[in-house]
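Coordinate analysis (summary)
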Amino acid sequence: MAALAQSVTREALVNEAVKSIPLPKGVKLSQIFFDSDHAGDLALRVIFSVSRKNPLTAARLRTLAKLDEKVADAVRPLQLGALSYVRFTDAA
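If you're wondering where the values come from, they're calculated on a predicted model, not measured in any experiment.

Rules behind the numbers
Residues numbered from 1 in each chain as written. Predicted model: local features only at pLDDT ≥ 70, side-chain atom pairs only at ≥ 80, totals over all residues. Heavy atoms only, no water. Helix = DSSP H or I, 4+ residues; strand = E, 2+ residues; numbered from the N terminus. Buried < 20%, exposed > 50% of the residue type's maximum accessible area, 1.4 Å probe, protein only. Contact = heavy atoms within 4.5 Å. Areas by Shrake-Rupley, 256 points an atom, 1.4 Å probe, with all protein chains shown as cover. Lys, Arg positive; Asp, Glu negative; His and termini not counted. Charge placed at Lys NZ, Arg CZ, Asp CG, Glu CD. Pairing = 2+ DSSP bridges. Axes fitted to C-alpha atoms, helices over the stretch in contact; angles between N-to-C directions. Salt bridge = Lys/Arg side-chain N within 4 Å of Asp/Glu carboxyl O. Core = buried A, V, L, I, M, F, W, Y, C linked by side-chain atoms within 4.5 Å. Polar contact = N/O pair within 3.5 Å; in protein donor to acceptor, adjacent residues only side chain to side chain.

All right, on to the overall build of the protein then. The helix and strand tally for the protein stands at two helices and three strands. In the protein, the order of α-helices and β-strands from amino to carboxyl end is α-β-β-α-β. Looking at the protein as a whole, 27% of its 92 residues are labelled buried. Relative to all contacts within the protein whose residues are 6 or more apart in sequence, the contacts with residues 24 or more apart total 56%. For the protein, the exposed surface amounts to about 6,300 Å²; the carbon and sulfur share of it is 55%. The averaged location of the 9 negative side-chain charges in the protein is 11 Å from the averaged location of its 13 positive side-chain charges.

In C-alpha cells, the structure reads:
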C-alpha cells in the first residue's frame, strides 16, 4: 500500500512540475507517464502535441528544444531516479 501511495504522490508531483511550465503557442501537454527506457531503467515520458498551424522554423525548433530542457529542469529537484524523455507529436 505504501508503494501505491508513493507512486500516486510521485505522479502528482511530476504533473504539477510539468504543468507549471509555460508552453509556447500551439503546444499542448498531451501525456505524462512512467515506463522503462531501452536499458530497462525507469523513464519519465512527457508528450506534447504541436499544432501544424505554426510553421517549424529554426526559431520554433529552438523553442521546442528549450521546452525539453525546461521539463528536465522542472523534474530534477524531485529526484525521481528516472531520465525524462520528451516527445513531440502532431496535434490532431
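Spatial strand order, β1-β2-β3: three strands in an open sheet with mixed pairing. Pairing within the sheet leaves two strands with one partner each, and these edge strands are β1 (27-36) and β3 (83-90). With direction set aside, neighbouring strand axes in the sheet form an average angle of 20°. Pairing analysis gives eight bridges linking strand β2 (residues 42-50) to β3, with the strands arranged parallel. Residue Leu44 lies in a different strand from β3, and its bridge partner there is Ser84. Together, β1, β2 and β3 form the strand contacts of helix α2 (residues 58-75), whose direction differs from that of β3 by roughly 145°.

Attention now goes to the pattern of salt bridges. Counted according to the given criterion, the structure contains three salt bridges. Arg45 is the salt-bridge partner of Asp35, the closest N and O atoms lying 2.8 Å from each other. Here Asp35 is found in strand β1, whereas its partner Arg45 is found in strand β2, with ten residues between them in sequence.

Core analysis: the largest hydrophobic core is formed by 16 residues, its most contacted members being Val14, Val18, Leu44, Val46 and Phe48. Among the secondary structure elements, those contributing two or more residues to this core are α1 (2-19), β1, β2 and α2. Not counting residues within four places of it along the chain, the set of residues in contact with Phe48 comprises Val18, Leu23, Val27, Lys28, Leu29, Ser30, Leu67, Val71, Val86, Arg87, Phe88 and Thr89.

The subject of this paragraph is the environment of Arg52. Inspection of the secondary structure assignment puts Arg52 in the loop between β2 and α2. Sequence-wise, Arg52 and Asp37 are 15 residues apart; in three dimensions their C-alpha atoms are separated by 28 Å. In this structure the side chain of Arg52 is engaged in a polar contact, spanning 2.5 Å, whose partner is the side chain of Asp90.

Here we come to the side chain of Arg60. Within the secondary structure, Arg60 sits in helix α2. Notably, Arg60 is buried but unbridged: the nearest opposite-charge side chain belongs to Asp90, and the N-O separation is 9.7 Å. Dropping the residues within four chain positions of it, Arg60 is found in contact with Pro24, Lys25, Gly26, Val27, Val50, Asn54 and Pro55.

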